[in-house]
Amino acid sequence: MVLTKRIIPCLDVANGRVVKGLNFESIKDAGDPVQLAEKYSNEGADELVFLDITASSEQRETIKSLVKKIAEVIDIPFTVGGGVKSLQHARDILLNGADKVAINTGAVKNPEVITELMELFGKQCVVVAIDSRRNYNIEKGKNIFSENGKQFWFEVFIYGGKKGTGLDVIDWSKKIEELGAGEILLTSIDRDGTKDGYDILLTNEIVHAVGIPVIASGGCGKPEDMIDVFKNTEVNAALAASIFHYETHSVNRVKELIQENNIPVRY
Amino acid sequence: MVDVAIFDYGAGNIFSLKTALEKNDANVDIITSFDQSKKYDGLLLPGVGNFDPAIRSIRDYSALGFHDFVKEKIPVLGICLGMEMFFQQSQEGKEKGLDVMNGEVILLPNDMKIPHMGWNSLEITKDSKILEGIENDSWVYFVHSYRAKPDNEDIIVASADYGIKVPAVVEDKLFFGTQFHPEKSGKVGSLMIKNFLRVCSK
């Protein structure tokens, strides 16, 4: 048996509740994070990702206790992110029961923090989350692609998808790997919340650009989308939120369908 | 109640391991030195951190050394890095290992994604106290960049298939090592922890 593909439910949390938005906006309530985490863990999720999407500094203590409560009820790996900027903040999260810290805006603002985290906690603890959006203003020096006759490049966005950085996603992925990231959580803003399926083009490019594991995220609306991303890319894991939250599909059922398509999963 | 200690190198999540032990009715202390007045029934070397700093935290801050603390009487479970430290040396660092198992720790082949991260199945090749009740092909969670290369392959009781065979569980006398993380491996992992605690209680 080769290493299995990982299926990762994601909990986007705002003010202590799991929420789900469309294209990073218009948010709706999806339940209690501790209950959902336990349910997914029992249903056979391979890992969990928890993102604090409000990520304000006043919330740090609340998040710490929430992380601890979740860590108490699950026995699978657990990544926590959202507003992580400093070593101390990352340390708080890890010591309260998370296995990995996801860092996004903080890594763009201060890339050295990736190396510092890696040196202190090891590579496997450091997930860099990258939010990618197509930019149709062609610039020199970017990796240019074309789709339906239109040319574009993939730009790194920060602050929850609100602000462009001018960074090319492919170049940024290579850079963070050099700095010591252990994994990339790659979200396509173009697809996020659309339920149109994962961004195969983007995912393929990043998987081939780096030697560290990549998690595909954004756009999953049905189990077939996961099958599609595993068949068409060599991505290591697929993350999804809404297909699990609203009882549309249990984690078990999704993995059963994936396995029927000859994709190796833990079942 | 079984009294066990987790040695904290100060480098990451040991909360999950503590919780997993407590769920199996152990009394757990987190220690940063072997200079303890309390007697423990078992010791755990957790799987988070880097080789050299972890070895230094074990070696440099206690009057009593690891070998004197363990005295070949206390069962020790080394998880991931904790297991790697059982060997004589590792390509991850320059420090000498704990040298309770002969052999070295080497980097995984670079044609695979490193760190190697995810669920793989166990091929159980020998009877082992900590694998009692665990079925062949059970799923466990790995996250690592290095692997053990024991001089004596008889200490390998289970392996995982990555294209190459990677030692997944090693056992020698009272030293037990897992390359994967039992505290992150669902019910199967919890059973291994229970098995280890049973060894400790004897």
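Computed from a predicted structure; not experimentally measured.

For this particular structure, what's the right way to read the overall build of chain B?
Assigned secondary structure in chain B consists of five helices and twelve strands. Against the compact-globule benchmark of 17 Å for 202 residues, chain B has a radius of gyration of 15 Å, which places it among compact chains. Looking at the 202 residues of chain B, the share that counts as buried comes to 50%. Taking all contacts inside chain B whose residues are at least 6 apart in sequence as the whole, residues at least 24 apart take part in 70%.

How should the overall build of chain A be read in this particular structure?
For chain A, the helix and strand inventory stands at ten helices and 13 strands. Since a compact globule built from 267 residues should have a radius of gyration of about 18 Å, the 17 Å found for chain A is in line with a globular shape. For chain A, the spread of C-alpha atoms along the three principal axes comes to 50 × 45 × 40 Å. Per-residue burial for chain A yields a buried fraction of 51% across its 267 residues. Sequence separation of at least 24 residues holds for 66% of the intrachain contacts in chain A that already meet a minimum separation of 6.

I tried to follow helix α5 (residues 186-201) of chain B on my own but got confused; where do I start?
Each α-helix turn comprises 3.6 residues. Residues three or four places apart therefore point the same way. With 16 residues, α5(B) extends 23 Å from end C-alpha to end C-alpha; this agrees with the ideal 22 Å at 1.5 Å per step. The complete set of buried residues in α5(B) reads B:G186, B:G189, B:M192, B:I193, B:N195, B:F196, B:L197 and B:C200.

Honestly, the nonpolar core in this entry has me stumped. Any pointers?
One broad rule of soluble globular proteins: the nonpolar side chains tend to lie buried together. Core analysis: the biggest nonpolar cluster contains 144 residues, and A:I8, A:L48, A:V101, A:V128, A:I184, A:A238 and A:L239 have the highest contact counts within it. Sequence-distant contacts of A:A238, that is, excluding residues within four places in its chain, are made with A:I7, A:I8, A:Y198, A:A216, A:C220, A:M226, A:V229 and A:F230.

Before we go on, may I ask you to explain the interface of chain A and chain B in this structure?
Interface size is often expressed as the accessible area that is lost when the parts come together. Across the boundary between the two partners, chain A contributes 29 residues, which contact 30 residues of chain B. Broken down by class, the residue content of the side of chain A that touches chain B amounts to 13 nonpolar, eight polar and eight charged.

Hey, could you run me through the pairing of strand β6 (residues 103-107) of chain B in this one?
Residues and elements named next belong to chain B. Sheet topology places strand β5 (residues 89-90) next to β6; two bridges connect them, and they run parallel. Bridge pairing in β6 links S90 to V105. Where β6 lies against strand β9 (residues 146-150), five bridges are found, and the strand directions are antiparallel. Of the residues in β9, the one forming a bridge with L107 is Y146.

Mind showing me how you'd approach the confidence of the model for chain B here?
As a general rule, the predicted coordinates of low-pLDDT regions are not to be interpreted in detail. Within chain B, residue pLDDT values average 94, and 100% of them lie at 70 or more. Our summary of model confidence lists the complex with pTM equal to 0.92 and ipTM equal to 0.88.

Just checking my understanding: could you explain the packing of helix α1 (residues 33-42) of chain A against helix α2 (residues 60-73) of chain A for this structure?
The relative placement of two packed helices is expressed as an angle between their axes plus a distance between the axes. All names here are of chain A. Where α1 contacts α2, the axes come no closer than 9 Å and their chain directions differ by 25°. Viewed along their axes, α1 and α2 adopt a mutual orientation that is roughly parallel. Between α1 and α2 the crossing geometry is right-handed. Contact residues: α1 offers P33, V34, A37 and E38, while α2 offers L66, K69, I70 and V73.

Even after reading the chapter, I still don't get the sheet that holds strand β1 (residues 2-7) of chain B, so can you show me in this structure?
What holds strands together in a sheet is hydrogen bonding between their backbones, with the strands either parallel or antiparallel. Residue and element names in this part refer to chain B. Taken together, nine strands build an open sheet; the order of strands is β2-β1-β3-β4-β12-β11-β10-β7-β8 and the sheet is mixed. One side of each edge strand has no neighbouring strand; the edge strands of this open sheet are β2 (26-31) and β8 (139-144). Strand after strand, the sheet turns through a mean of 30° between neighbouring axes, direction not considered. Lying over the sheet, α5 contacts β1, β2, β3 (42-45), β4 (76-79), β8 and β12 (175-178), oriented at roughly 115° with respect to β1.

Would you mind going over the packing of helix α8 (residues 223-232) of chain A against helix α10 (residues 251-260) of chain A with me for this structure?
Residues and elements named next belong to chain A. One can describe the packing of α8 onto α10 by two numbers: an axis separation of 9 Å at closest approach and a directional angle of 40°. Our classification of the angle between α8 and α10 gives oblique. The crossing of α8 and α10 is right-handed. Between α8, through P223, M226, I227 and F230, and α10, the contact on the second element is made entirely by V254, L257 and I258.

How should the sheet that holds β6(B) be read in this particular structure?
The three strands are arranged β5-β6-β9 (chain B) in an open sheet whose pairing can be described as mixed. The open sheet terminates on both sides in strands that have one partner only, identified here as β5 and β9 of chain B.

So what exactly am I meant to see when it comes to unusual backbone geometry here?
Excluding glycine, residues mostly have negative phi values, and the peptide bonds linking residues are mostly trans. Backbone torsion omega between B:I114 and B:P115 reads 0°, so that peptide bond is classified as cis. As for its placement among the helices and strands, B:P115 is situated in the loop between β6 and β7 (116-124). A positive phi angle, near 50°, is found at A:Y159, a position not held by glycine. Checked against the element boundaries, A:Y159 lands in the loop between β9 (150-158) and β10 (163-168). Using a count of 15 C-beta atoms within 10 Å as the deciding quantity, one classes A:Y159 as partly exposed. If you check the backbone angles, B:C80 has positive phi at about 55° while not being a glycine. Relative to the helices and strands, B:C80 is located in the loop between β4 and α4 (81-84).

The rules we used
- Residues numbered from 1 in each chain as written.
- Chains lettered and ligands numbered in written order.
- Predicted model: local features only at pLDDT ≥ 70, side-chain atom pairs only at ≥ 80, totals over all residues.
- Helix = DSSP H or I, 4+ residues; strand = E, 2+ residues; numbered from the N terminus.
- Rg over C-alpha atoms; globule rule 2.2 N^0.38 Å.
- Buried ≥ 20, exposed ≤ 12 C-beta atoms within 10 Å, placed from the backbone.
- Contact = placed C-beta atoms within 7 Å.
- Expected span 1.5 Å × (residues − 1).
- Core = buried A, V, L, I, M, F, W, Y, C linked by C-beta atoms within 7 Å.
- Nonpolar A, V, L, I, M, F, W, Y, C, P; charged D, E, K, R; others polar.
- Pairing = 2+ DSSP bridges.
- pLDDT = per-residue confidence, 0-100.
- Axes fitted to C-alpha atoms, helices over the stretch in contact; angles between N-to-C directions.
- Parallel < 35°, antiparallel > 145°, perpendicular 65-115°, else oblique.
- Left-handed = near helix turned anticlockwise from the far one by under 90°.

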